[in-house]
Amino acid sequence: MTAHADSPQRHRVVIVGAGFGGLWAVKHLKGAPVDITLIDQRNHHLFQPLLYQVATASLAPSEVAWPIRSMLCDRSDVTTILGTVVGVDPANRIVHLADGGTVPYETLVLATGARHGYFGHDEWEAAAPGLKTVEDATAIRSRILLAFEEAERETDPARREALLTFVIVGAGPTGVELAGTIADLAHDTLPREFRAIDTHRTKVLLVEAGPKVLNGYPDDLSDYARRALEKLGVEVSLGAAVTQIERGAVTFGERSVKARTIIWAAGVRASPAAEWLDAPADRNGRIIVEPDLSVPGHPDIFAVGDTVAVKALDGSPVPESLPRRSRKGRSLPK
């Protein structure tokens, strides 16, 4: 079964992924003599930089997610498909979907993003969920708020302390934002709402294996972020990699901490796009692309965003996309 059929007179472009990269491609193909098929496994575009605010009950999910069809309703050149891509047949120029459907293409753009990476310890995910989707954010929000609710009724001091201890693994932008917002929630928002517990006693611990928070940023910004976190009451632990995570406890360096809520923000791994094409990839699974973002050996296939490893003009690696606090200036396709 073919999921999509276009006019043979127009070039067929298939874009996999309706994140920033995919929608940017859609936007800039406006007016070109092409028919576009946009495939995503969810029916909404997600503004990931603000997911931490959904996870900490500052924003509703609807404020960071917009229906893809609604966003593109005035683009007659774009057909949207809700589906999960499971493979690509470059010889026959076909994209394979999980439901057995196929989508033909003449040019393919892979904008499939990244997923959680646990450095070979995928079993940690159940105890320490990551933050990449709306579903992740609402699940983490539930864990955070229920921890306070259960602490309110807990009479055992040790169990109450564990309930009021929050550990974030990874001091990149997401980890820093989560740690600061949870501390702010506990120290400023919730104190008047509980009677049996003092939410000021909440412990927020940010664990980073590297030597500083916000690795990749200038040292002055990293130092500023650390001081700001500590002023909020966040304990920052640097230079100690996590060696064990289980439900209710995390071990790093020589220390083991009992915590009801553990959140993973330490690493990501690219989507399996490189595997679909048997393409060269870095250690995180990102496709090593040509300077024009084409996949080596496949001039009709391009990869963008967190799917790829690309170098700047000076030869240095371009970092993965980083969260931003401001919601101003978001550019959506029209």
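As a reminder, the structure under discussion sits directly above these lines.
Since we're looking at a predicted model, the values are computed, not measured. (Residues numbered from 1 in each chain as written. Predicted model: local features only at pLDDT ≥ 70, side-chain atom pairs only at ≥ 80, totals over all residues. Heavy atoms only, no water.)

## With respect to helix α4 (residues 134-153)
Then, number 1: If you check α4, its first and last C-alpha atoms are 29 Å apart, about what 20 residues at 1.5 Å a residue would give, namely 28 Å.
Then, number 2: Taken together, the buried positions of α4 are Val-134, Asp-136, Ala-137, Ile-140, Ile-144, Ala-147, Phe-148, Ala-151 and Glu-152. (Helix = DSSP H or I, 4+ residues; strand = E, 2+ residues; numbered from the N terminus. Expected span 1.5 Å × (residues − 1). Buried < 20%, exposed > 50% of the residue type's maximum accessible area, 1.4 Å probe, protein only.)

## Notes on the nonpolar core
Then, number 1: One finds Leu-131, Ile-144, Phe-148, Ile-168, Leu-206, Val-213 and Val-234 to be the most contacted residues of the largest nonpolar core, which totals 42 residues.
Then, number 2: Of all the elements in the fold, those that place two or more residues in this core are α2 (51-55), α4, β11 (165-169), α6 (173-189), β12 (203-208), α7 (219-232) and β13 (234-238).
Then, number 3: In contact with Phe-148, other than residues within four places in its own chain, are Leu-164, Phe-166, Leu-185, Ala-186, Leu-190, Phe-194, Ile-197, Thr-199 and Thr-202.
Then, number 4: If you look at the next biggest cluster of nonpolar residues, it comprises 23 residues, including Val-16, Leu-97, Ala-273 and Ala-279. (Core = buried A, V, L, I, M, F, W, Y, C linked by side-chain atoms within 4.5 Å. Contact = heavy atoms within 4.5 Å.)

## Here we look at the sheet that holds strand β8 (residues 102-104)
Then, number 1: One open sheet accounts for 3 strands, arranged β6-β7-β8; its pairing is antiparallel. The open sheet has two edge strands, β6 (85-89) and β8, and neither has a second partner. Here the average twist between neighbouring strands, direction ignored, is 20 degrees.
Then, number 2: One ladder, built from 4 bridges, connects β6 with strand β7 (residues 94-97); its direction is antiparallel. (Pairing = 2+ DSSP bridges. Axes fitted to C-alpha atoms, helices over the stretch in contact; angles between N-to-C directions.)

## Things to note about the pattern of salt bridges
When charged atoms on two side chains of opposite charge get close, those side chains can pair.
Then, number 1: One pass over the structure, following the stated rule, counts 12 salt bridges.
Then, number 2: Linking Arg-10 and Asp-35 is a salt bridge whose minimum nitrogen-to-oxygen distance equals 2.9 Å. Here Arg-10, found in the segment before β1 (11-16), pairs with Asp-35, found in strand β2 (residues 34-40); they are 25 residues apart in sequence, far enough to count as distant.
Then, number 3: Residue Arg-10 is classed as partly exposed on the basis of its relative accessible area of 29%.
Then, number 4: The partner of Asp-300 in a salt bridge is Arg-93, with the nearest N and O atoms 2.9 Å apart. Separated by 207 residues along the polypeptide, Asp-300 in strand β21 (residues 298-303) and Arg-93 in the loop between β6 and β7 bring together distant segments of the chain. (Salt bridge = Lys/Arg side-chain N within 4 Å of Asp/Glu carboxyl O.)

## With respect to unusual backbone geometry
Trans peptide bonds make up the majority, and among non-glycine residues the majority have a negative phi.
Then, number 1: Backbone geometry at Leu-214 places phi at a positive 50 degrees, although glycine is not the residue there.
Then, number 2: You can call Leu-214 buried: its relative accessible area is 11%.
Then, number 3: With a phi angle near 70 degrees, Leu-293 is a residue other than glycine that sits in the positive phi range.
Then, number 4: Mapped onto the fold, Leu-293 is located in the loop between β19 (287-288) and β20 (294-295).

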